Structure formats: C-alpha cells, structure tokens
Amino acid sequence: MFGYVTICEPELKVKDLKRYKAYYCGLCRELKEKYGFMGQMTLTYDMTFAVIFLSSLYESSASEEMHRCKVHPVKKQVMLRNEMTEYAAAMNVLLAYYHLEDDWKDDRKVTSLVSRDMLRGKVKRVIERYPRQSRAIRRALAELSACEKENSTDIDRTAGCFGKLMAELFLCRRDMWEKSLRKMGFFLGKFIYLMDAYEDLSEDNEKGRYNPLQKLSEEEDYEEKMKRILCMMVAESTAEFERLPCLLDVDILRNILYDGVWNRYNKIQMKKSEEQKK
C-alpha cells in the first residue's frame, strides 16, 4: 500500500535530486543499523517523504555521512540522517510488523509469519517507545479487516481507516502543529489507500479479492469520479502543508506533493490508453 508518495524526477533540480537520494539512503542505513536486513527490507519512499517533511518543519539539521552498501558496493554514497530519520525508520518497521501480523491472521501466510517473527524482538522496543502510534496502526488495520469481511463499499470509511493511521504517524510530537499535521496526514493517507485500490481493482476483480471501489467502478463516470476524489484528497493535504512553516527542502516537498504523488496514476492512464488503441 506504499510507494505512492515519491518524487517526479524530471521536474526536480539536480541538487534537489541528490539531496532526496541522500535522505533515502540515510533512511535505508538507519533501518539496517537499527533493525537489520529485515528492517532494511521495509524501506519506503513514503517514509522518506516523512523524513524530509518533518526535518523541514522542525528545522532538524541532518549530518552527512558516506557509506557503501550492497546496492552501491564500489562508490560510497552520501547519506543524510537526523532524529527524524530515526523516527521514520521506527514507523517503517512498525507498519511492516503489523501488516505481516495482519496477513498471517487473515490469510495464514507462512512467509508473513516468519518475517513477523524475525522483526518481533526489535519491534517490541519500538512499541514501548511509541505506544500511541502502535495503537493507531493496530486499530486501523483491525477496522480495515472488518471492512473487508463486510465487503464494505463505503470508500470514505475504508480510506478513512488508513487516513487516521497516517495522521498519527505524521504526528511525531504533540505540539502547536498537531491539528495541521493530523489533517495533512489524514488526507494523504486516504489518497494512498484509494490510489492503491484504484491500481489493484482489475487484478482484485480477476482474483475475486475485496476492493472498496468495486461498486463505484460499475458507474459510467467512474474514471471521472475517481480523478475528482483523488484530487480532493491531495488538495486537502497540500492546503494544510502550505499552512506550515516549511522552508528547508520545500522544492523537494512540493515536487512530491504536487507532481510525484501522481506518478502511478499517470502510468495507469498511459497503460489504459495503450490498451484501448490495441
């Protein structure tokens, strides 16, 4: 359900692209050092955005490091890390852990059980440190599971589950920015959930899997309605973003929020257009 909140590379300046990659590599390094190989496997673009966004909001200076890795074994890569990198890494593994646990409970996937158990020891400390976020993830996934069992087509309710989850994750501190952070995270979370459902609809229908958009997709103006709903979610989220005093790396953040979040949607439209021509 992740991977939608990323950069639009062609529209990004070279210096900003290098900086974005440095944050991404820094998060990857943090996951490896704190949570091992399994933690590193949970790396997402979405949490890279969280690192850059929260660093900008709280003016958290990042230390620059140089390291080699399996992906870049020859040349050392620039990596940026700070307190927000640590927070995002913790949220990354927490989300992955509960998702794996949910998969095991619902589908009895052995691979999910094994992966969950490999993370359990280190995630226990994360749960103790971030009980609010941990409870929010558990509640959201439980409610989503209930929606799936009911075969709910109430997209506001289902997307809202993930919205509430993201609202808690964006709130790394309870302070004066709480209201805006919650609202921004809530609508961005709804966008992520709906984009995921939109992208998976055809495959879900073929395999008889649950998808909250199944009823809506039967309407003639489905595509127009989906574009309108997705635009509404992004508009609400970016409106809150613009109210926040983010100056550091603001060009990267705007690139992601105004262009990057549409990468997958645009690819889907291109694919549909090509299929229609055939």
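Refer to the preceding data block for the structure.
Only a predicted model underlies this, so the values are computations on that prediction, with no experimental measurement involved.

Reading guide: rules and limits
- Residues numbered from 1 in each chain as written.
- Predicted model: local features only at pLDDT ≥ 70, side-chain atom pairs only at ≥ 80, totals over all residues.
- Heavy atoms only, no water.
- Helix = DSSP H or I, 4+ residues; strand = E, 2+ residues; numbered from the N terminus.
- Rg over C-alpha atoms; globule rule 2.2 N^0.38 Å.
- Buried < 20%, exposed > 50% of the residue type's maximum accessible area, 1.4 Å probe, protein only.
- Contact = heavy atoms within 4.5 Å.
- Areas by Shrake-Rupley, 256 points an atom, 1.4 Å probe, with all protein chains shown as cover.
- Lys, Arg positive; Asp, Glu negative; His and termini not counted.
- Charge placed at Lys NZ, Arg CZ, Asp CG, Glu CD.
- Core = buried A, V, L, I, M, F, W, Y, C linked by side-chain atoms within 4.5 Å.
- Phe/Tyr/Trp six-rings, centres within 6.5 Å; stacked < 30°, edge-to-face > 60°.
- Axes fitted to C-alpha atoms, helices over the stretch in contact; angles between N-to-C directions.
- Parallel < 35°, antiparallel > 145°, perpendicular 65-115°, else oblique.
- Left-handed = near helix turned anticlockwise from the far one by under 90°.
- Nonpolar A, V, L, I, M, F, W, Y, C, P; charged D, E, K, R; others polar.
- Polar contact = N/O pair within 3.5 Å; in protein donor to acceptor, adjacent residues only side chain to side chain.
- Disulfide = S-S within 2.5 Å.

Please explain the overall build of the protein as it appears in this structure.
Helix and strand counts for the protein stand at 10 helices and 2 strands. Listed by position from the N terminus, the elements making up the protein come as α-α-β-β-α-α-α-α-α-α-α-α. Taken over C-alpha atoms, the radius of gyration comes to 19 Å for the protein, in line with the 19 Å a tight globule of 278 residues would show. Looking at the 278 residues of the protein, the share that counts as buried comes to 53%. Of all intrachain contacts in the protein linking residues separated by at least 6 positions in sequence, the fraction that spans at least 24 positions is 70%. Roughly 14,400 Å² of accessible area belongs to the protein as shown, and the carbon and sulfur atoms make up 51% of that amount. Within the protein, one finds 49 positive and 46 negative side-chain charges whose respective centroids are separated by 6 Å.

Just to check I follow, could you spell out the environment of Lys76 for this structure?
Relative to the helices and strands, Lys76 is located in the loop between β1 (63-67) and β2 (77-81). A residue is classified by how much of its surface remains accessible, and Lys76, at 40% relative accessible area, is partly exposed. Expressed as a C-alpha distance, the spacing of Lys76 and Ala50, which sit 26 residues apart in the sequence, is 24 Å. In this view, Lys76 contacts Met66, His67 and Arg68; residues no more than four positions away in its chain are not counted.

Please clarify how the nonpolar core should be interpreted in this entry.
Generally speaking, a soluble globular protein has its nonpolar side chains buried in company with each other. Counting residues in each nonpolar core, the largest one holds 88 residues, and the members touching the most others are Phe49, Phe53 and Leu213. Residue contacts for Phe49: discarding those within four places in its chain leaves Val5, Phe170, Met184, Leu188, Leu253, Ile256 and Leu257.

How do you make sense of the packing of aromatic side chains when you look at a structure like this?
The way to describe two aromatic rings as a pair is by their centre distance and the angle between their planes. Scanning all chains against the criterion turns up 12 aromatic pairs. Note on Phe186 and Phe187: the rings are 5.1 Å apart at their centroids and 80 degrees apart in plane angle, and the pair reads as edge-to-face. One aromatic cluster in this structure is built from Phe191, Tyr198, Tyr222, Trp262 and Tyr265.

I keep staring at the packing of helix α2 (residues 45-57) against helix α9 (residues 250-258) and nothing clicks. Help me out?
The relative placement of two packed helices comes down to the angle between their axes together with the axis-to-axis distance. At a minimum axis distance of 10 Å, the contact between α2 and α9 shows a crossing angle of 135 degrees. Taken together, the axes of α2 and α9 are oblique relative to one another. You can see that α2 and α9 cross each other, and the crossing is left-handed. Across the interface between the two elements, Phe49, Ile52, Phe53 and Ser56 from α2 touch Ile252, Leu253, Ile256 and Leu257 from α9. A class-by-class count of the residues in the contact of α2 with α9 yields 7 nonpolar, 1 polar and no charged.

Sorry, what's going on with the side chain of Ser55 here?
Structurally, Ser55 is set in helix α2. Here Ser55 falls in the buried class, since its relative accessible area comes to 0%. Reaching out from Ser55, the side chain makes a polar contact with the side chain of Asn82 at a distance of 2.9 Å. Here Ser55 is in contact with Tyr23, Ser60, Asn82, Met84 and Leu248, once residues within four sequence places are set aside.

What am I meant to see in the state of the cysteines here?
What is meant by a disulfide is a covalent connection between two cysteines, made through their sulfur atoms. Tallied over the full model, the rule gives 0 disulfides. Cys25 takes part in no disulfide bond, and the closest cysteine sulfur to it belongs to Cys69, at a distance of 6.2 Å. Counting only cysteine sulfurs, Cys69 is the nearest neighbor of Cys28, a cysteine outside any disulfide, at a range of 6.3 Å. Residue Cys28 is classed as buried on the basis of its relative accessible area, which comes to 19%.

Just to check I follow, could you spell out unusual backbone geometry for this structure?
Residues apart from glycine generally show negative phi values, whereas peptide bonds are mostly found in trans. Even without a glycine there, the phi angle at Glu59 is positive, about 50 degrees. Its place among the elements puts Glu59 in the loop between α2 and β1. Residue classification places Glu59 among the exposed positions, given a relative accessible area of 65%. Positive phi outside glycine occurs at Asn151, with the angle close to 60 degrees. Summarising the element assignment, Asn151 is placed in the loop between α5 (131-150) and α6 (155-170).

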